[in-house]
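Observations on chain architecture
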Amino acid sequence: MKEIIEITEGFVKKELGRDSSGHDWHHIDRVRKNAQLIWGKEMQGDWFIIEMAALLHDIPDDKLNESEAAGWAKLDSFLLSIDIESEVASRIKSCIETVSFKGGRVIELDSIEAMIVQDADRLDALGAIGIARTFAFGGKKGHPIYEPELGVRGEITLEEYRNGNSSSVNHFYEKLLKLKDKMNTEHAKQLAEERHQFMESFLEQFYSEWNGKA
């Protein structure tokens, strides 16, 4: 198992190591660490499945590939290249399929492993790290930091979520501030609460400075 983890780490570093949108190797490693924190408290689930899904969760992401199909083909090719049973590969893929927020879609999770990986990934979108990643991703997409004339979008399609006109600050309302109430595990809920409050404090200070009051 250790050898497979090391091979997987090398593969992910090669694929995502130079990413500048907030989905680099350090994000992946933080998600794994978050997952380990949650798993250690929940005391449920297969750690190998959780760790592999955490390491590979961004490989098929359509944001980081030419297409969603190309991303999944890349993941499938890698899983076929390592020495794991097809049932284990299927469980890893099942976790990965349910991780992404994708405009707030609601998907019923069918395993504790999926719940832990999803929570771990969402925790990295919150707090100080979440703020930094939001502005990194916004800059990569060409979004303004803040544009008061751009209203916060409500219910939106995946296409609108991915490619619509928005700002980095609006992203807090369209995604980040919703995540606290979407956590699955008790420990993740506790961690999310503190990070959520930090983001609210940041926004309060941001608007104060924006309006010349700070």
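Since the model is a prediction, treat every value here as computed from it, not as a measurement. (Residues numbered from 1 in each chain as written. Predicted model: local features only at pLDDT ≥ 70, side-chain atom pairs only at ≥ 80, totals over all residues. Heavy atoms only, no water.)

All right, on to the overall build of the protein then. A tally of helices and strands in the protein yields ten helices and zero strands. When the elements of the protein are put in sequence order from the N terminus, they spell out α-α-α-α-α-α-α-α-α-α. Its C-alpha atoms give the protein a radius of gyration of 18 Å, within 12% of the compact-globule value 17 Å for 214 residues. Summarising its shape, the C-alpha atoms of the protein cover approximately 60 × 35 × 30 Å along the three principal directions. Scored against the burial criterion, the 214 residues of the protein give a buried share of 50%. In the protein, once contacts between residues fewer than 6 apart in sequence are set aside, the share between residues at least 24 apart is 63%. Carbon and sulfur atoms form 48% of the exposed surface of the protein, whose accessible area is close to 11,100 Å². Counting 27 positive and 39 negative side-chain charges, the protein places the averaged centre of each group 3 Å from the other. (Helix = DSSP H or I, 4+ residues; strand = E, 2+ residues; numbered from the N terminus. Rg over C-alpha atoms; globule rule 2.2 N^0.38 Å. Buried < 20%, exposed > 50% of the residue type's maximum accessible area, 1.4 Å probe, protein only. Contact = heavy atoms within 4.5 Å. Areas by Shrake-Rupley, 256 points an atom, 1.4 Å probe, with all protein chains shown as cover. Lys, Arg positive; Asp, Glu negative; His and termini not counted. Charge placed at Lys NZ, Arg CZ, Asp CG, Glu CD.)

Let us look at helix α1 (residues 2–16). Along its 15 residues, α1 runs 21 Å from first to last C-alpha, staying within 8% of the 21 Å computed at 1.5 Å per residue. Those residues of α1 that fall on the buried side of the exposure criterion are Ile-4, Ile-5, Thr-8, Glu-9, Phe-11, Val-12 and Leu-16. Considered in projection along α1, the buried side chains sweep an arc of 170° and stay on one side of the axis. Turned more than 90 degrees from where α1 packs its buried face, Lys-2, Glu-3 and Lys-14 sit exposed. In this structure, the buried residues of α1 make contact with α2 (25–42), α3 (47–56) and α4 (68–81). (Expected span 1.5 Å × (residues − 1). Arc of directions from axis to C-beta.)

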